[in-house]
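Inside the fold
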Amino acid sequence: MLNIIICGAPGCGKGTQSDLLVNKYKLEHLSTGDLLRKEIAKKSELGLIADSYISNGNLVPDAMIIDILSKAINEQAEGVKGVILDGFPRTVAQAEALEVMLKKVNKEVSVLLDLTVDNDELINRLLKRGETSGRSDDNLETIKKRLEIYEIKTAPVSDFYKKINKYASINGMGSIEEIFERIAAVIDSKRQ
Ligand code: AMP
């Protein structure tokens, strides 16, 4: 069973690479950002609360996102080959909660893939995405805030996985195909 976390700063290519991974390894894709955007589109109470954080470039509170993710994990169909967690955990508290959640269902994280991309490139990619994404958080001011918050709150998550030997840094610069090859090489080494 492959339980992969894909993480990295906003714009690092997590979503794009997750789609390719789902295809190749037949994994289930769980993106907390997508789950939140669905709630926003439905205009649910949870969506309205989430929107107030997301459109300001802030993280949604831990308790709220942990609840959403644990429901998604518990609802997983029997027999899935594994999961790609895209955009979760984003804080050390979330990483700790994930360990507990997975232990309860006799599962564990296989590896955290950290996609590293230069800041200038991240900003360019996000501004370009903003031209078509319709996302309230893909504008320069919010992008800068998201990058700052990433450094403060999410970067320490890497140390958590380094300590338990489940960390892999991936060079996220280059073509989509090149980056995917780097990722697949790490995953294939974990499967042997
Ligand atoms: P993403 O699609 O992963 O870039 O997520 C978009 C936004 O959703 C983030 O900037 C956060 O505001 C919120 N979000 C997604 N995942 C999380 C998480 N694990 N913890 C807190 N906020 C999150």
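In case you missed it, the structure is sitting above this.
Attention in this report is confined to the structure presented alongside it. No experiment lies behind these values; they were computed from the predicted model shown.

In total, this model carries 0 disulfides according to the counting rule given. Just so you know, Cys7 is unpaired, no disulfide at all, and the nearest cysteine sulfur is the one on Cys12, 7.3 Å from it.

Once that is clear, we can look at the pattern of salt bridges. Under the definition given, this model contains 11 salt bridges. A salt bridge links Asp138 to Arg135, with the nearest nitrogen and oxygen atoms 3.9 Å apart. On the basis of relative accessible area, Asp138 is assigned to the buried category, the value being 6%. Between Asp159 and Lys162 there is a salt bridge, with the nearest N and O atoms lying 3.8 Å from each other. Remark: Lys162 and Asp159 occur in helix α7 (residues 140-163); sequence separation between them is 3 residues, near one turn of the helix. You can call Asp159 partly exposed: its relative accessible area is 39%. What emerges from the salt-bridge pattern is a single network uniting Arg129, Arg135, Asp137, Asp138 and Arg146.

Right, let's talk about helix α2 (residues 32-42) for a bit. Side chains of residues three or four places apart in an α-helix project in the same direction, reflecting 3.6 residues per turn. For α2, the complete set of buried residues consists of Thr32, Gly33, Leu36 and Glu39. Buried positions in α2, seen along its axis, are confined to an arc of 125° and lie on one side of it. When the buried face of α2 is taken as reference, the exposed residues oriented beyond 90 degrees from it are Lys38, Ala41 and Lys42. Contacts from the buried residues of α2 go to β2 (28-31), α3 (45-54), α4 (62-74) and β3 (82-86). After α2 finishes, the residue Lys43 shows a positive phi value of roughly 55°.

Analysis parameters
Residues numbered from 1 in each chain as written. Predicted model: local features only at pLDDT ≥ 70, side-chain atom pairs only at ≥ 80, totals over all residues. Heavy atoms only, no water. Disulfide = S-S within 2.5 Å. Salt bridge = Lys/Arg side-chain N within 4 Å of Asp/Glu carboxyl O. Buried < 20%, exposed > 50% of the residue type's maximum accessible area, 1.4 Å probe, protein only. Helix = DSSP H or I, 4+ residues; strand = E, 2+ residues; numbered from the N terminus. Arc of directions from axis to C-beta. Contact = heavy atoms within 4.5 Å.

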